[in-house]
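For reference, the chains in residue letters:
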Amino acid sequence: MYSASDLKKNLKIQIDGEPYVVVDFQFVKPGKGQALYRCRLRNMITGSQFDRTFRSVDSFEEADLQEKHMQYLYRDDSGYCFMDNDTYEQIHLTDDHVGEAKNFLMENLDVEILFFGMRPLGITLPNSVDLVVTQADPWARGDSVTGKMKTVTVETGYVVQVPPFVEEGEKIRIDTRTGDYLTRVK
Amino acid sequence: MKRLLAAGFDKIFQISKCFRSGECGRLHVPEFTLLEWYRTGADYVSLMDECEEMVTFTAEALGLGRKLDYRGVSVDFARPWERIAVSDAFLRYAGISAEEAILNDRFDELMVTAIEPHLGCGKPSFLFDYPVALGSLARRKADDPTLAERFELYIGGLELANAFSELTDVGEQKERFASEREHRRTRGMAAYPEPEKFLEALASMPEAAGIAFGIDRFVMLFTGSASIDEVVAFTPEEL
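Cut-offs applied
Residues numbered from 1 in each chain as written. Chains lettered and ligands numbered in written order. Predicted model: local features only at pLDDT ≥ 70, side-chain atom pairs only at ≥ 80, totals over all residues. Heavy atoms only, no water. Helix = DSSP H or I, 4+ residues; strand = E, 2+ residues; numbered from the N terminus. Rg over C-alpha atoms; globule rule 2.2 N^0.38 Å. Buried < 20%, exposed > 50% of the residue type's maximum accessible area, 1.4 Å probe, protein only. Contact = heavy atoms within 4.5 Å. Areas by Shrake-Rupley, 256 points an atom, 1.4 Å probe, with all protein chains shown as cover. Lys, Arg positive; Asp, Glu negative; His and termini not counted. Charge placed at Lys NZ, Arg CZ, Asp CG, Glu CD. Domains from an automatic or database assignment. Buried area = accessible area lost by both parts, 1.4 Å probe. Salt bridge = Lys/Arg side-chain N within 4 Å of Asp/Glu carboxyl O. Polar contact = N/O pair within 3.5 Å; in protein donor to acceptor, adjacent residues only side chain to side chain. Patch = residues over 30% accessible without salt bridge, like charges linked within 9 Å, V, L, I, M, F, W, Y side chains within 5 Å. Phe/Tyr/Trp six-rings, centres within 6.5 Å; stacked < 30°, edge-to-face > 60°.

Colleague: Residue-level account of the overall build of chain A, with values.
Modeller: The helix and strand tally for chain A stands at one helix and 16 strands. A compact globule built from 186 residues would reach a C-alpha radius of gyration of about 16 Å, whereas chain A, at 22 Å, exceeds it by more than 25%. Along the three orthogonal principal directions, the C-alpha set of chain A runs to about 75 × 45 × 25 Å. Split into buried and exposed, the 186 residues of chain A put 39% on the buried side. Restricting to contacts in chain A with at least 6 residues of sequence separation, those with at least 24 account for 41%. When the accessible area of chain A is evaluated, it comes to approximately 10,600 Å², of which 44% is carbon and sulfur surface. Of the charged side chains in chain A, 22 are positive and 30 negative, and the gap between their average positions amounts to 9 Å.

Colleague: I'd like to hear about the domain arrangement of chain A, residue by residue, with values.
Modeller: Domain boundaries in chain A define domain 1 (2-62), domain 2 (66-124) and domain 3 (128-185). Each of domain 1 of chain A and domain 3 of chain A has a C-alpha centre, and the two are 44 Å apart.

Colleague: Would you mind going over the domain arrangement of chain B in detail, with residue names and values included?
Modeller: Residue and element names in this part refer to chain B. In terms of domains, chain B is made up of domain 1 (2-84 + 120-166 + 207-238) and domain 2 (169-204). Between the C-alpha centres of domain 1 and domain 2 the distance comes to 24 Å. Contacts between the two partners involve ten residues from domain 1, matched on the other side by nine residues from domain 2. For the pair domain 1 and domain 2, the summed buried surface comes to about 810 Å²; carbon and sulfur atoms form 51% of the total. Of all residues in domain 1, the largest losses of buried area upon contact with domain 2 belong to Arg3, Ala6 and Ser136, amounting jointly to 56% of the total for that side. Our count for the domain 1 to domain 2 interface comes out at one salt bridge. Of the charged contacts, one joins Glu172 and Arg140 as a salt bridge, the two residues approaching to 2.6 Å between their closest N and O atoms. The tally of links between domain 1 and domain 2 comes to six residue pairs in polar contact (both at pLDDT 80 or more).

Colleague: How would you sum up a negative patch on the surface? Please name residues and give values.
Modeller: On the surface, B:Asp229, B:Glu230, B:Glu237 and B:Glu238 cluster together to form a negatively charged patch. Relative to the helices and strands, B:Glu237 resides in the segment after helix H8 (215-223).

Colleague: Break down the packing of aromatic side chains for me, with residues and values.
Modeller: All names here are of chain A. One pass over the full model with this rule turns up 15 aromatic pairs over all chains. Plain terms: the ring middles of Phe25 and Tyr37 are 6.2 Å apart, the flat faces sit at 20 degrees to each other, and that makes the pair stacked. Taken together, the residues span a long stretch of sequence, with Phe25 in strand E3 (residues 18-28) and Tyr37 in strand E4 (residues 36-43) at a distance of twelve residues. Under the relative-accessibility criterion, Tyr37 is labelled buried at 8%. Judged by centre distance (4.9 Å) and plane angle (65 degrees), the ring pair of Phe104 and Tyr158 falls under edge-to-face.

Right under this line is the structure:
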């Protein structure tokens, strides 16, 4: 159990059976009055946000969250299939769960999946992934001075800006947090 | 300080560090600075006048003149300042009476969310006449014993000072402490010991008024600081 004085940004608590993360937090106390904790909470399932004021006597359950190491296997009609590295159990995630991460999902990629009880909430990728360039215009050598970037497509279908020397068939490293090109991989 | 009043000092002040464990926020640090002053023969209305004089004097001495902009809120120090009773503030800004707010245990919450944001905007505001339960060291109002002669000063939404006409009736002070102790007990909070020496001195203390004025927030006001962390030497995290 948490008490109100434990409240801080990013704390994850459970209210009425749903997990919430504290996205903003303010301690307030009217002169000689009781301490109040004004929080902006985000529902970790629906994403909706709301403000709520707690008192020092309030307490909260810890959100029953668990991060599991899983491996991406394949995509089929029922979604994205992942396997639990410990139990070998398989689950399917929907487009909503996966979100932008779909741009970087390669077979056998190790990821972390956050569960609330049995329910998957979201997916955390490694900070960078290596992907093969499947389509790139050839390097026009004259462009090297301008440093202009060009657009290429990688094996997941993701389209990214890269320096002009990157060629089709090469492997490049992409930052999964920003979606930006980092370097070529030999 | 009240023991000094009882010992015969009639105009006293101190600037000292105060400590409130665990209070950290935009307007709170566990170690802060208060200016307190007491005057015998005075009441809370005379302290309102003294606040007006001290704040305008400070603003002029700083070369700021009569007007100030605190984080987008403009404040005009020209007197008279707003004086609004707690009961009126609840009806005007919270839409319910202060009594009802206390019954529903929402007084503090509504004060912070609905009322304080409006106070001290345009002109500084004195919020005065609190329900007696919220002024345990303050004298009852002669014409309405349900109210205590207490005020808070707000400028630009900042709560700066808390003042009372001091309660000097030892019997009543003991009763108020007892009911406060009971209130804390039912909420599972630690009890304060009976302040025996204070109660002893109170018997010989003359009528007086006293005020506690937050120096750190006063500096915030004049420097346009968003957070009290910006005006103290060390934040709680740095101590």
